Amino acid sequence: MDNRQAIGSWLSGPRAAAEEMGVDFGYRGKRLGLPEEGPGSVAPLGRRFGALFIDWALCLLIAYGLFARGDQQAAGNWALGIFLVLSVLTVGTIGCTPGKRILGIRVVAEGGGRLGLGRVVVRSVLLCLAVPALVWDRDGRGLHDRLARAVQVRIRV
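All residue numbers refer to position in the chain's written sequence, counted from 1. Predicted model: local features are reported for residues with pLDDT of at least 70 only, side-chain atom pairs are reported and counted for 80 or more only, and whole-chain, interface and lining totals are derived from all residues. Neither water nor hydrogens contribute to the side-chain values; these are computed over all heavy atoms in the structure.

1. Focus: helix α4 (residues 72-93)
In an α-helix, one turn spans 3.6 residues, which is why side chains three or four residues apart end up on the same side. In this model α4 runs 31 Å from its N-terminal to its C-terminal C-alpha over 22 residues, within 8% of the 32 Å that 1.5 Å per residue would give. Throughout, exposure labels follow a simple rule: accessible area from a 1.4 Å probe, protein chains only, divided by the maximum for the residue type, with under 20% read as buried, over 50% as exposed, and the rest as partly exposed. The numbering of helices and of strands both runs from the N terminus, where a helix is a DSSP run of H or I of at least 4 residues and a strand a run of E of at least 2. Among the residues making up α4, those that are buried are Ala74, Ala75, Ala79, Ile82, Phe83, Leu86, Ser87, Val88, Thr90 and Val91. What qualifies as a polar contact is a pair of N or O atoms within 3.5 Å, subject to a donor-acceptor requirement within protein and to the restriction that residues adjacent in sequence count only when both atoms come from side chains. You can read the cap of α4 off the contacts: a side-chain oxygen lies 3.2 Å from the backbone nitrogen of Gln73, and it is on Asp71. Among the residues trailing α4, Gly95 stands out with phi positive, at a value near 90°. What a helix is expected to span follows from its residue count: subtract one and scale by 1.5 Å.

2. Here's the deal with the pattern of salt bridges
Salt bridge, as applied in this entry: a Lys or Arg side-chain nitrogen positioned within 4 Å of an Asp or Glu carboxyl oxygen. Summed over all chains, the structure comprises six salt bridges. Between Arg31 and Asp137 there is a salt bridge whose closest N-O contact spans 3.9 Å. Note that Arg31 is positioned in the loop between α2 (13-20) and α3 (45-68) and Asp137 in the loop between α6 (117-129) and α7 (143-147), a separation of 106 residues in sequence. By relative accessible area, Asp137 is classed as buried at 14%. Salt-bridge contacts for Asp145 lead to Arg123; the nearest nitrogen and oxygen are separated by 2.5 Å.

3. Section: unusual backbone geometry
The backbone of Ala130 shows a phi angle near 75°, a positive value even though the residue is not glycine. Mapped onto the elements, Ala130 comes out in the loop between α6 and α7.

4. Brief notes about the packing of α4 against α6
Fitted lines through C-alpha atoms give the axes, limited to the stretch in contact for helices. The angle between two N-to-C directions lies from 0 to 180 degrees. Where α4 meets α6, the axes come as close as 9 Å, and the angle between the chain directions of the two elements is 150°. Classed by the angle they form, the pair α4 and α6 counts as roughly antiparallel. The two elements α4 and α6 meet at a crossing, and its hand is right-handed. Residues Leu80, Phe83, Leu84, Ser87, Val88, Val91 and Gly92 of α4 form the contact with α6, whose participating residues are Leu117, Val120, Val121, Arg123, Ser124, Val125, Leu127 and Cys128. In this scheme, roughly parallel covers angles under 35 degrees and roughly antiparallel covers those over 145, while 65 to 115 is roughly perpendicular and the rest are oblique. By convention the crossing between two helices is left-handed if the near helix lies anticlockwise of the far one by an angle smaller than a right angle, and right-handed if it lies clockwise. Every residue pair with non-hydrogen atoms within 4.5 Å of one another is taken to be in contact.

Structure below.
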């Protein structure tokens, strides 16, 4: 066997090499006991980014209109605080932000059900830091979701 097959190339990466060797990673959410498709499955990345964009635009609009008084720099700073409050309040009560609701996503605990307030706060603070949200596991969950033991799932197709 060629060593390149065993370790993968820099283009394909270690996952592709492992799959070529017969390792079955399964679908996203399989390790969490979630369905492969449909309601209850792991929300796709595009929907999650879309929801984040909608929520951020809403927070910027609120910040600019109510707090910034025309100062764009101040609007960005206020928007981050508003985003944190919005996330804690909405995910902590109904399980989704306005953007997530529009795109059919809900944040749930790994075992199903609602996240507790402490886990919602941890998740929201880490999300505001941005970097933890950009580090994913093989189930497509960001580090902020892993540390809060949460998963974003579809509520409709």
